[in-house]
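Examining the three-dimensional arrangement
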Amino acid sequence: MRIVVDANVPAAEACFGTLGEVVPVPGREIAPDTLREADALVVRSVTRVDEALVAGSRLRFVGTCTIGTDHVDRAALAARGIGFASAPGCNAEAVVDHVLSSLATLAERRGFRLAERRVGVVGAGNVGGRLLARLRGLGVDCLACDPPRAEAEGADGFVDLDTLIGRCDVICLHTPLVREGPHATRHLMDARRIAALAPGTVLLNAGRGDCLDGGALRERLAERGDLDALLDVWEGEPGIDAGLFELAELATPHVAGYSLDGKLRGTQQIYRALAHRLGLPARLTLGDLAPAPPLASLTLDGGLSVDEALRLCMRAVHDVRRDHDALRREARRQGLAAGFDACRARYPLRREFSTLAVALRPAAEALAGPLSAAGFRVEIGKG
Ligand SMILES: NC(=O)c1ccc[n+]([C@@H]2O[C@H](COP(=O)([O-])OP(=O)(O)OC[C@H]3O[C@@H](n4cnc5c(N)ncnc54)[C@H](O)[C@@H]3O)[C@@H](O)[C@H]2O)c1
Ligand SMILES: O=C(O)[C@H](O)[C@H](O)COP(=O)(O)O
């Protein structure tokens, strides 16, 4: 059993090595030749898996250790009897951590309180749904737009996208890339909708780059400079629009979901799916793979406002400014496309908010609700 695995998949040898011979290959270099002798292929999102890639192979299984599946032509795999699995929800918590860290950073820069803004979440699935829950737990007024869910579950609790745009100060995109059909998302935020954004709106995209018309956003930012764009995903990655990159308030290289926990969950989900396909046991658990976090606990005493405490704890685990600065630095050093991929390949260790226990001394007990809503484990009466 020969298993070709994207070299950016952590714990590949530990997991897939129990099922066969692991051949690591950089994701963008996986080609028909690489797969000639392969029985299984494990990718992340940068490998286009289509008929042209798999036609000459004897593959029996393809797995993507990611939530998104827009890089895989599932019909082409099905037509050849090649099994397929993805990893739904694997890094959803990490994306929400990233969004909260981004919004907290922007709120500090601009001098506003997030609790005073209305946030619109577009795409209320594993990521958007968790984001809504955490924001509402923090007392933030939110609207949700998710037409497929509204159709299936009833419209209560959902608004259409134009209503959301008209009523929200912050808009967060968490839609999959769907190229056709009644709920297609390519350029969901198109030039008309970008023009309709009120001055001062914050527009965050952590879904897929193609869900937003990057050229139209660049033009609006260049001409009027009256929006804050927080962009983690881009059209044409890694060769992204240099003008838009310069104008974005926070620009990160598609790493919102890059917690070690999220990546390991993705590996683990695909390892289990492949083992199942082969009729073999999958004995390794996430607990076997994830090391102890470098910062497992901290203690807060009185003296910090809720926003200060949230920022401090968020940044102790994931500071989005580090990713923004790293991309700027690498873009200067080696060019934007190479820098984009270099930041992703050498991404530093990052854990999720839930790995941090925050002990509160009596004077800080009022912080328990907000810290717990933000995703931290709160301990009262310890520390
Ligand atoms: N930036 C990152 O690092 C990162 C990490 C994880 C996922 N993602 C992207 O985010 C996407 C969403 O992730 P998820 O785990 O929430 O997926 P999900 O499938 O759980 O949820 C997606 C939601 O979007 C909704 N949706 C579909 N079409 C829509 C439309 N036209 N308008 C509004 N909503 C629509 C669906 O009904 C669903 O509820 C993924 O498909 C992936 O492309 C990006
Ligand atoms: O779809 C997902 O799960 C995310 O976009 C994921 O973070 C992609 O990771 P990549 O393929 O870019 O390593």
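From a predicted model like this one, the values you see are computed outputs, not experimental measurements.

Overview of the overall build of the protein
In terms of helices and strands, the protein carries 16 helices and 14 strands. Relative to the compact-globule value of 21 Å for 383 residues, the protein shows a C-alpha radius of gyration of 21 Å, a close match. C-alpha extents for the protein along the principal axes are approximately 60 × 55 × 50 Å. Residues counted as buried form 46% of the 383 residues belonging to the protein.

Considering the site of ligand 1
Around ligand 1 lies a shell of 34 residues, among which Gly 68, Gly 125, Asn 126, Pro 176 and Gly 257 are the nearest. Across the shell around ligand 1, the residue classes tally to 16 nonpolar, 14 polar and four charged.

Here we look at the UniProt feature "active site" (unreviewed entry) in the protein
In the numbering used here, UniProt assigns the feature "active site" (unreviewed entry) to Arg 208, Glu 237 and His 254. In terms of the greatest pairwise C-alpha distance, the residues named above, spread along 47 residues, form a tight cluster of at most 10.1 Å across. Relative to the helices and strands, Glu 237 is located in the loop between strand 10 (228-231) and helix 10 (242-247). Residue Glu 237 is classed as partly exposed on the basis of its 18 C-beta neighbours within 10 Å. Residue His 254 is classed as buried on the basis of its C-beta count, with 22 C-beta atoms lying within 10 Å.

As for helix 14 (residues 320-334)
End to end, helix 14 covers 21 Å across 15 residues, agreeing with the expected 21 Å (1.5 Å per residue, within 8%). Of the residues making up helix 14, those classed as buried are Val 320, Asp 323, His 324, Leu 327 and Ala 331. Viewed end-on, helix 14 has its buried residues packed into an arc of 100°, placing them on one side of the element. Those residues of helix 14 that are exposed and angled more than 90 degrees off the buried face are Asp 325, Arg 332 and Arg 333. Tucked into the core, helix 14 has its buried residues touching helix 4 (92-110), strand 11 (250-251) and helix 15 (336-345).

Focus on the nonpolar core
As a rule of thumb, soluble globular proteins bury nonpolar side chains together. Val 42, Ile 171 and Cys 172 are the most contacted members of the largest nonpolar core, which has 112 residues in total. The leading source of residues in this core is helix 4, at 10 residues.

A look at the sheet that holds strand 9 (residues 202-205)
Judged by pairing direction, the sheet is parallel, and its six strands sit side by side in the order 7-6-8-9-10-11 without closing on themselves. Only two strands of the sheet have a single partner each, and these edge strands are strand 7 (141-145) and strand 11. Pairing analysis gives four bridges linking strand 9 to strand 10, with the strands arranged parallel. Each residue of the ladder has a partner; that of Leu 203, found in strand 10, is Ala 229. Sheet strands in contact with helix 5 (residues 126-137) are strand 6 (118-122), strand 7 and strand 8 (170-173), and its direction is about 165° off that of strand 7.

Brief notes about the UniProt feature "domain: D-isomer specific 2-hydroxyacid dehydrogenase catalytic" (unreviewed entry) in the protein
Residues annotated in UniProt with the feature "domain: D-isomer specific 2-hydroxyacid dehydrogenase catalytic" (unreviewed entry) correspond here to residues 33-257. With 35% helix and 16% strand, residues 33-257 has its two end C-alpha atoms placed 30 Å apart.

Considering the pairing of strand 14 (residues 377-380)
As paired elements, strand 13 (residues 357-360) and strand 14 share four bridges and run parallel to each other. Bridge pairing in strand 14 links Ala 357 to Arg 377.

A word on the domain arrangement of the protein
Partitioning the protein into structural domains gives domain 1 (2-86 + 259-289), domain 2 (92-251) and domain 3 (297-380). When each unit is reduced to the centre of its C-alpha atoms, the spacing between domain 2 and domain 3 is 21 Å. Taken together, the contact between domain 2 and domain 3 spans 22 residues of the former and 21 residues of the latter. Those elements that place two or more of their residues in the side of domain 2 that touches domain 3 are helix 4, helix 5, helix 10 and strand 11. Counting residues per element, the side of domain 2 that touches domain 3 draws most heavily on helix 4, which supplies 10 residues. Here the residues of the side of domain 2 that touches domain 3 are counted per class, giving 10 nonpolar, six polar and six charged.

Remarks on the packing of helix 14 against helix 15
Look at helix 14 against helix 15: their axes get within 7 Å of each other, and the N-to-C directions meet at 135°. Here helix 14 lies oblique to helix 15, going by the angle between them. For the element pair helix 14 and helix 15, the recorded crossing hand is right-handed. Seen from helix 14, the contacting residues are Ala 326, Leu 327, Glu 330, Ala 331, Arg 333 and Gln 334; seen from helix 15, they are Leu 336, Ala 338, Gly 339, Phe 340, Ala 342 and Cys 343. Along the lines of polarity and charge, the residues of the contact of helix 14 with helix 15 split into eight nonpolar, two polar and two charged.

Considering the sheet that holds strand 12 (residues 297-300)
Taken together, the three strands give an open sheet; going across it, the order is 12-13-14, and neighbouring strands pair in parallel fashion. For this open sheet the edge positions go to strand 12 and strand 14, each flanked by a neighbour on one side alone. Direction aside, neighbouring strands of the sheet carry axes that sit 25° apart on average.

Conventions we followed
Residues numbered from 1 in each chain as written. Chains lettered and ligands numbered in written order. Predicted model: local features only at pLDDT ≥ 70, side-chain atom pairs only at ≥ 80, totals over all residues. Helix = DSSP H or I, 4+ residues; strand = E, 2+ residues; numbered from the N terminus. Rg over C-alpha atoms; globule rule 2.2 N^0.38 Å. Buried ≥ 20, exposed ≤ 12 C-beta atoms within 10 Å, placed from the backbone. Near = placed C-beta within 6 Å. Nonpolar A, V, L, I, M, F, W, Y, C, P; charged D, E, K, R; others polar. UniProt positions renumbered as here; feature names shortened; annotations may be inferred. Expected span 1.5 Å × (residues − 1). Arc of directions from axis to C-beta. Contact = placed C-beta atoms within 7 Å. Core = buried A, V, L, I, M, F, W, Y, C linked by C-beta atoms within 7 Å. Pairing = 2+ DSSP bridges. Axes fitted to C-alpha atoms, helices over the stretch in contact; angles between N-to-C directions. Domains from an automatic or database assignment. Parallel < 35°, antiparallel > 145°, perpendicular 65-115°, else oblique. Left-handed = near helix turned anticlockwise from the far one by under 90°.

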